[in-house]
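Each chain, written out:
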Amino acid sequence: MKRLITFDDFIETYTKLNQRGLKFITSKFNFNEIERAKTAFNHSEILAANWWIIPKVTARWQRLITNTNHLSIEEFTVERFLSNKHNLKMLSLGSGDCSSELAFATHSNFKDILCTDIADKRLNKARAIAKNKGLNTIRFKILDANNLASLKETFDVIYFKASLHHFKSIEHLLGTQLKQILKPDGLLIINEYVGPSRLQFPKPQIKAINEALQLIPKTYRKRYNLNLHKTKVYGPGLARMVLADPSECIDSASIMPALHKHYSTVFEVGYGGNILTLALKDIAHHFVNLNDEKEAILNTLFDYEANYLKKHPSDHIFGIYKPNNK
C-alpha cells in the first residue's frame, strides 16, 4: 500500500531545513525534474546521518559481499572476476563522488574508466582527486542517463554503485540500451538498492523496523542536528519522494526481475538494509565512534536484520552479470 504523506515527511523536511537551509527547500519547487534531482546530490558536502556513515556497517557490507575482512569490494571484484582481463574499458553511470571508480583506477586491469553523472560539482571534486593521485586512466563526463545514445563506444564493464535505482524504465535500460554499449562478453556490475519503488515498504517491514528501533536506547535515538528523539518510523510518503528527487527509487522494484531476465548471474549476494536503513536514519552519527555498549547495540541490530532476511529478499544487492546475447 502506497503512502502519500507521512509524519516522517515533516521530520525530513524540518531536518533538511536545518542542515541545508531554506534555499535548498525552495529548490524542490523547480518544475524541471533534472534540476530538482541535481539539488539532491550537487553538494560538495552532504550533511546526513545515514547508515553508510557507520564504519562497522560498511565493514559488515564488505564481509557479507567478499566473505573476507581484508579485501575491499573493488579489490575483491578485480581479484576474483577480472584478474585475467586487461585493457578494460569501464563505464560508470551515476558515479557521484566516484570513490569506488577511483579505487578501480588504481588497478592496471583498466585502461579507461569513464565516470558520468549530472552532478557536476561532485565530478569536479573527483577529477581533482584523480589528478592529485596521478590516476590518468579515469575521465569524467557530465551526462544525462537519458542520453546514452551519445556514447559512441562500447565497454567491457558497466558499473552502477547506488545509482541504478535512480533510473526509470529499468526493463528498457537493462534489456535494450545497455546491451547496445556493453560488449557481448562484458560484465554488468551493480552495488545497489533493489527494494520497493519509491521506498514504499510494506507494513510488515515497517513493523519490523520499529521493533528494531526499540532495541536502541533512547540516548542514542536523538536525531542528528535536532533536539528530537526518534520514537517511530512511518516510512517516506510518495509526494515528498517525487518532490525531493523525482529519480529516487523510481523503478527500483524492477531491477532484479529485469536483470534475471536479460542477464546470466556470475555472482550475486545480498547485504540487507531492509531494517537498518530506516532504523538508523538520522541517528547513525551516534555509532560512528564506538564503545562496548554501542558496539553491542549494533551487533543486536545486525542479528535482528539477519533473522529478518531469512524470510525476505535483501533490499541491497551486489551482483555481477553477463548479457544473454540472444
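Above this note sits the structure.
All of the points below concern the structure found in this document. (Residues numbered from 1 in each chain as written. Predicted model: local features only at pLDDT ≥ 70, side-chain atom pairs only at ≥ 80, totals over all residues. Heavy atoms only, no water.)

### Some thoughts on the overall build of the protein
The test is simple: Helix and strand assignments come from DSSP, with helices taken as H or I runs of at least 4 residues and strands as E runs of at least 2, each series counted from the N terminus. Atoms considered for the radius of gyration are the C-alpha atoms alone. The globule rule reads 2.2 Å times the number of residues to the power 0.38. Exposure classes here rest on a 1.4 Å probe applied to the protein chains alone. A residue is buried below 20% of its type maximum, exposed above 50%, and partly exposed in between.
Regarding its fold elements, the protein presents 13 helices and seven strands. Relative to its length of 326 residues, the protein is compact, with a C-alpha radius of gyration of 20 Å against a globular reference of 20 Å. For the protein, the spread of C-alpha atoms along the three principal axes comes to 55 × 45 × 40 Å. Across the 326 residues of the protein, 52% fall into the buried class.

### Re the side chain of Ser247
Just so we agree on the cut-off: N or O atoms within 3.5 Å of each other form a polar contact, as long as, within protein, one can give a hydrogen and the other can take it, and as long as residues adjacent in sequence are counted only when both atoms are side-chain atoms.
Structurally, the position occupied by Ser247 is in the loop between α10 (238-244) and α11 (255-262). Look at Ser247 and you get buried, because its relative accessible area is 16%. Engagement of the side chain of Ser247 in a polar contact is seen with the side chain of Asp245, the distance being 2.7 Å.

### A short note on helix α4 (residues 55-66)
The condition that has to hold: Multiplying 1.5 Å by the helix residue count minus one yields the expected span of that helix.
Between its first and last C-alpha atoms α4 spans 16 Å; for twelve residues at 1.5 Å apiece the expected length is 16 Å, and the two agree. Following α4 by one or two positions, Asn67 has its phi on the positive side, about 60 degrees.

### Quick notes on unusual backbone geometry
Unusually for a residue other than glycine, Asn87 sits at a positive phi of about 55 degrees. Of note, Asn87 is situated in the loop between α5 (73-81) and β1 (88-93). For Cys249, which is not a glycine, the phi torsion comes out positive at approximately 50 degrees. Mapped onto the elements, Cys249 comes out in the loop between α10 and α11.

### Thoughts on the sheet that holds strand β4 (residues 155-161)
Note the cut-off: Any two strands with at least two DSSP-identified bridges between them are counted as paired. To obtain an axis, a line is fitted to C-alpha atoms, over the contacting stretch when the element is a helix, and the angle between two such axes runs from 0 to 180 degrees between their N-to-C directions. In what follows, residue pairs with any heavy atoms lying within 4.5 Å of each other are defined as contacts.
The strand order across the open sheet formed by seven strands is β3-β2-β1-β4-β5-β7-β6, and the pairing between neighbours is mixed. Among the strands making up the open sheet, the edge pair consists of β3 (138-142) and β6 (263-270). Pairs of neighbouring strands in the sheet enclose a mean axial angle of 15 degrees, with direction left out of account. Both β6 and strand β7 (residues 316-323) contribute to a ladder of seven bridges, which runs antiparallel. Residue pairing in the sheet places Thr265 in a bridge with Tyr321 of β7. Against the sheet, α5 makes contact with β2 (110-117), β4, β5 (182-193), β6 and β7, and its axis sits at roughly 30 degrees relative to β7, the strand it touches most. Along the sheet, helix α7 (residues 120-133) makes contact with β2 and β3, crossing β3 at roughly 165 degrees.

### Quick look at the pattern of salt bridges
Where we set the bar: A side-chain nitrogen of Lys or Arg and a carboxyl oxygen of Asp or Glu constitute a salt bridge if their distance falls within 4 Å.
Taken as a whole, this structure holds eleven salt bridges when the rule is applied. Glu153 is paired through a salt bridge with Arg139; the nearest N and O atoms lie 3.2 Å apart. Of this pair, Glu153 sits in the loop between β3 and β4 while Arg139 sits in strand β3; the two residues are 14 residues apart in sequence, bridging distant segments of the chain. Between Asp282 and Arg223 there is a salt bridge, with its nearest N and O atoms 3.0 Å apart. With Asp282 in the loop between α12 (276-280) and α13 (292-309) and Arg223 in the loop between α9 (203-213) and α10, this pair connects stretches of sequence that are 59 residues apart. Comparing Asp282 with Arg223, the two get one shared label, buried. Residues joined by salt bridges that share partners form a network here, namely Lys89, Asp112, Arg139 and Glu153.

### A look at the nonpolar core
The line we're drawing: To qualify as a nonpolar core, a set must consist of buried Ala, Val, Leu, Ile, Met, Phe, Trp, Tyr and Cys residues joined through side-chain atoms within 4.5 Å.
Ranked by size, the top nonpolar core spans 61 residues in total, and within it Ile138, Ile216, Leu280 and Phe318 carry the most contacts. Discounting residues that sit within four places of it in the chain, Ile138 has contacts with Glu101, Leu102, Ala105, Ile113, Cys115 and Ala130. The next biggest cluster of nonpolar side chains, apart from the first, holds 27 residues, and it includes Leu148, Phe155, Leu182 and Tyr321.

### Describing the packing of α9 against α13
Selection criterion: Any angle that falls under 35 degrees is termed roughly parallel, while one over 145 is termed roughly antiparallel, one within 65 to 115 roughly perpendicular, and all others oblique. Crossings are sorted by hand: turned counterclockwise from the far helix by less than a right angle, the near helix makes the crossing left-handed, and turned clockwise it makes it right-handed. Lys, Arg, Asp and Glu make up the charged group, whereas Ala, Val, Leu, Ile, Met, Phe, Trp, Tyr, Cys and Pro make up the nonpolar group; the residues left over, Gly among them, are polar.
Running from N to C, α9 and α13 point in directions that differ by 160 degrees, and their axes come no closer than 10 Å. By the criterion of interaxial angle, the relationship of α9 to α13 is roughly antiparallel. Once α9 is placed against α13, the crossing between them reads as right-handed. Touching Gln205, Ala208, Glu211 and Ala212 of α9 are Leu301, Tyr304 and Tyr308, all from α13. Split by residue class, the contact of α9 with α13 holds five nonpolar, one polar and one charged.

### Topic: the environment of Gln214
Relative to the elements of secondary structure, Gln214 occurs in the loop between α9 and α10. For the pair Gln214 and Leu143, spaced 71 residues apart in sequence, the C-alpha separation works out to 43 Å. If we ignore the near neighbours within four places in the chain, the residues touching Gln214 are Arg221 and Thr231.

In short, geometric facts, not functional conclusions.
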